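Examination of the molecular architecture
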Amino acid sequence: VNTEGFTDGERECLRHLARTLLPSDEDAGADELGVAEVIEAKVLAAPNLLAVYRRGLVTLDATSRRRHGHPFAALDAGQQAALVGDLQAGRDPEDLWEGTGRRFFLLVRSDVVFVYATDPEVWAAIGFPGPSHGRGGYPDAEKLPHER
Amino acid sequence: MTADHPDVCVIGAGACGSVVAATLAAAGARVVVLEAGPRYRPQLDFVNDEAEMLKLLWNDPRTAGGRDPVLPMTGKGVGGGTLVWTAVAQRPHPSDFRTRTLDGVGADWPLDYQELEPYLARVERDFGVAGPPTGLHGFDGARGGMPPHPVSGLGRVLAGGAEKLGLHPQPGAVAINSRGSGGRPACIHCGFCIEGCISDAKASAANTYVPAAERAGARLVTKAFVHRLEVDAAGRVARALYFDAAGREQAQSARVFVVAAHAIETPRLLLNSASPRFSRGLANGSGLVGRNFMVHPNVSIFGRFPDPLEAYRGFNLANVVVQDFYPTDARNGYARGFTLESACLPPMGFAVAGTELWGAAFKRLMRQYVYCGGFWTCGEGLPNERNTVALDPDVRDGWGVPVARTTHEWSENDRGVLRGSIDRSRDILEAAGAAEVFHGAPRGAHNMGTCRMGRDPQASVVDPDCRAHEVPNLYICDTSVFVTSTGVNPTLTAMAIAQRAADRMVQAARRGDL
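Only a predicted model underlies this, so the values are computations on that prediction, with no experimental measurement involved. Per chain, residues are indexed from 1 in the order of the written sequence. To read the labels, note that chains go from A and ligands from 1, taken in the order they are written. This being a predicted model, a pLDDT of at least 70 is required before a residue's local features are given, and a value of 80 or more before pairs of side-chain atoms are given or counted; all residues contribute to the totals for chains, interfaces and linings. Side-chain numbers come from the whole structure's heavy atoms, not from hydrogens or water.

1. Re the nonpolar core
We define the nonpolar core as a collection of buried residues of types Ala, Val, Leu, Ile, Met, Phe, Trp, Tyr and Cys that are connected through side-chain atoms lying within 4.5 Å of one another. Using a 1.4 Å probe on the protein chains alone, a residue whose accessible area is under 20% of its type maximum counts as buried, one over 50% counts as exposed, and one in between counts as partly exposed. Formed by 98 residues in total, the largest nonpolar core has its most connected members in Leu229 and Leu474 of chain B. Once residues within four sequence positions are removed from consideration, Leu229 of chain B is found in contact with Ile11, Val237, Arg239, Ala240, Phe257, Val259, Leu269, Leu270, Ser273, Leu282 and Leu474 of chain B. Core analysis: the second largest hydrophobic core is formed by 57 residues, Ile39, Leu75, Val84 and Val115 of chain A among them. Note on contacts: a residue pair qualifies if any of its non-hydrogen atoms lie within 4.5 Å across the two residues.

In structure tokens:
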């Protein structure tokens, strides 16, 4: 067991979970944004958070093994999405989560989309112009786009 | 060991501690303020970036448990929570202080609205609140004297929906300059408030009461984390022990101690200050230190509209407030109610709080970001003794001090308020023309109630003047003293209570009772 951070198996599980939550398409997904690496760096600085993540990833792999005979990273995308959907809904047919599944989903989802939504290239893709203070803010904020 | 022996030691340079420090220093007291975080310089240290704002939060470990764990964010640094607040400064309503009598839920406060009203007005004036002077149904609005801000494009769309339903949307009360005031400029509506206000148009303790306190002679010590209060043989607080910027333990003595560390760190400090005389924690004979932990049932709910709204233009409260659902309505399956506040959110806040979507559906929604806008709801969460802030038996911070652990479960009433706030927001969004309505996971916002005030020492921690029943030279001035949570953002109310407590401290000192 790597006491410094995630085990290789946990890291692989996290990478696939992040990819399921934030797939790559015409703009960046978890792989391009290095989401799993960002999360690992964050939790290394917060021991109690690291423990929560490790417990969650281990339980996710256990659920996956019980259901499909393989760890989460070895499932196909549809199986992975179904498992994440169960977590979100608080469903736990294998009875392994002790009520923590939805909370783990919300934690990881929040950390994943945080990386996405604070990335300047993503801002460009979704039409957010970024910091405005240096440009004088929005003195015409009361106007809608079609009124300007 | 510091050699000086001031009259008053204030712990926490946030909204409430700074009001007390400024008031007491102006009255001639020698005041020292111990603040756990650093002092920031808005122009140099703040940026329009949601990731960068994290440094302004209380990032030391805390843990959360219970059926519905919550851990609302709090600030750290000179200014405290007001560094990262949205500056929403709606007044509480008179009914908030009598929920047991009026609605059979919660508890009555030992103060009523009339008692607090002059202090609300004083804080609005001194802190700088802009807003309409009259609120919904004739309730008091902001009396700070600054005119309300214009309503943003997003706000006008939402207000239009509310008006179609016969509701009464109003511009909000915010502690943000609508014109130059207090040596600070008018807001330029850049869209970033909770990331730290670069232009300084948003009022924080750091640009108002803290400098006022320092001008009056108060001494501010930053990066001073107080971890224990020690009592003398007479049962009075003698010294605050803290770790200084260099990591050395220091002791600060004073005649009077004011704990203003917010509703999580305040009970943590008192519980970590247990001693033979106060075996359950300082000032905790009632057992209520850390109990009745309250948060506001909160959800971010948005609509996707046919035309772009560009809802990131403005300030975080996009300046529409709906309080038609604030009081108890017998037709509801719950008591009390909620405030709806339009929300100007940069992408991160929207992505994290505004939806639970993930995968391809999440990315499709984010590409519609500029078409989306909606509400941030502030429901009244009822007090419950089983919701607590306690010491975590297993987790310690970097100093080796046990951290705070919150335990929280929504009551049936809280769930009803949440449902109601979602349903009524959906009605307004649909009336405003939203093609689709979606919301994020319910959350708890704001921390309150963990050192309740009251007249009975068996049923409360402090008296109506915020003075600890059991420890005559200890005051608690922050949202910990709230008896109920109200249905509005708590800072203005907490500051008014702190202002009143500070005045009462001055009076007590003058009659030799301190």
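2. Quick look at the pairing of strand S2 (residues 31–34) of chain B
All names here are of chain B. Each helix is a run of DSSP H or I of at least 4 residues and each strand a run of E of at least 2, with the numbering of both proceeding from the N terminus. Here S2 shows a buried face lined by Val31 and Val33 and a second buried face lined by Val32 and Leu34. In this analysis, strands are considered paired if DSSP registers two or more bridges between them. In the sheet, strand S1 (residues 8–11) pairs with S2 via four bridges, with the strands oriented parallel. What sits directly across from Val8, in S2, is Val31. The crossover handedness rule: strands pointing away from the viewer, path from first strand over the helix to second strand clockwise, crossover right-handed. For the crossover that starts at S1, traverses helix H1 (residues 15–26) and ends in the parallel S2, the hand is right-handed. Taken together, the three bridges between S2 and strand S4 (residues 219–221) define a ladder with parallel strand orientation. Within S4, the position partnered with Val32 by the bridge is Arg219.

3. Thoughts on the interface of chain B and chain A
Each side of the interface is counted separately: chain B has 46 residues, and chain A has 47 residues. Defined in terms of a 1.4 Å probe, buried area is the accessible area two parts forfeit on being brought together, summed over both. Here chain B packs against chain A, burying approximately 3800 Å² in sum over the two surfaces, 60% of which is carbon and sulfur. On the chain B side of the interface with chain A, the three residues burying the most area are Arg313, Trp358 and Lys363 of chain B, jointly 21% of the side's total. A pair is scored as a salt bridge if a Lys or Arg side-chain nitrogen falls within 4 Å of a carboxyl oxygen belonging to Asp or Glu. At the boundary of chain B with chain A, the tally comes to nine salt bridges. Between Glu147 of chain A and Arg156 of chain B there is a salt bridge, with its nearest N and O atoms 2.4 Å apart. Pairing of N or O atoms within 3.5 Å defines a polar contact, subject to two protein rules: one partner must be a possible hydrogen donor and the other a possible acceptor, and residues neighboring in sequence count only if both atoms are side-chain atoms. Linking chain B with chain A are 27 residue pairs in polar contact (both at pLDDT 80 or more). Of all the secondary structure elements, the ones that give two or more residues to the side of chain B that touches chain A are strand S3 (63–65), helix H5 (153–164), helix H8 (347–353) and helix H9 (359–366) of chain B.

4. Describing H1 of chain B
Residue and element names in this part refer to chain B. Here H1 spans 17 Å end to end across 12 residues, near enough to the 16 Å set by a 1.5 Å rise per residue. Counting buried positions over the 12 residues of H1 gives 11, a clear majority of the element. Listed in full, the buried residues belonging to H1 are Ala15, Cys16, Gly17, Ser18, Val19, Val20, Ala21, Ala22, Thr23, Leu24 and Ala25. The secondary structure elements touched by the buried residues of H1 are S1, S2, helix H4 (113–128), helix H6 (209–215), strand S8 (256–259) and helix H11 (491–510). Looking at the residues trailing H1, positive phi occurs at Gly28, about 105°. Multiplying one less than the number of residues by 1.5 Å gives the expected span of a helix.

5. Brief notes about the sheet that holds strand S14 (residues 388–396) of chain B
Residue and element names in this part refer to chain B. Across the sheet, which stays open at both edges, the three strands sit in the order S3-S15-S14 with mixed pairing between neighbours. In the strand order of this sheet, the two ends are held by S3 and S14, each with one partner. Going from strand to strand, the sheet's axes swing by 35° on average, the running direction of each strand aside. As paired strands, S14 and strand S15 (residues 402–407) are joined by five bridges and run antiparallel to one another. Of the residues in S15, the one forming a bridge with Thr388 is Thr407. Structural elements are reduced to axes, namely lines fitted to C-alpha atoms, with helices fitted over the stretch in contact, and the angle between N-to-C directions of any two is expressed from 0 to 180 degrees.

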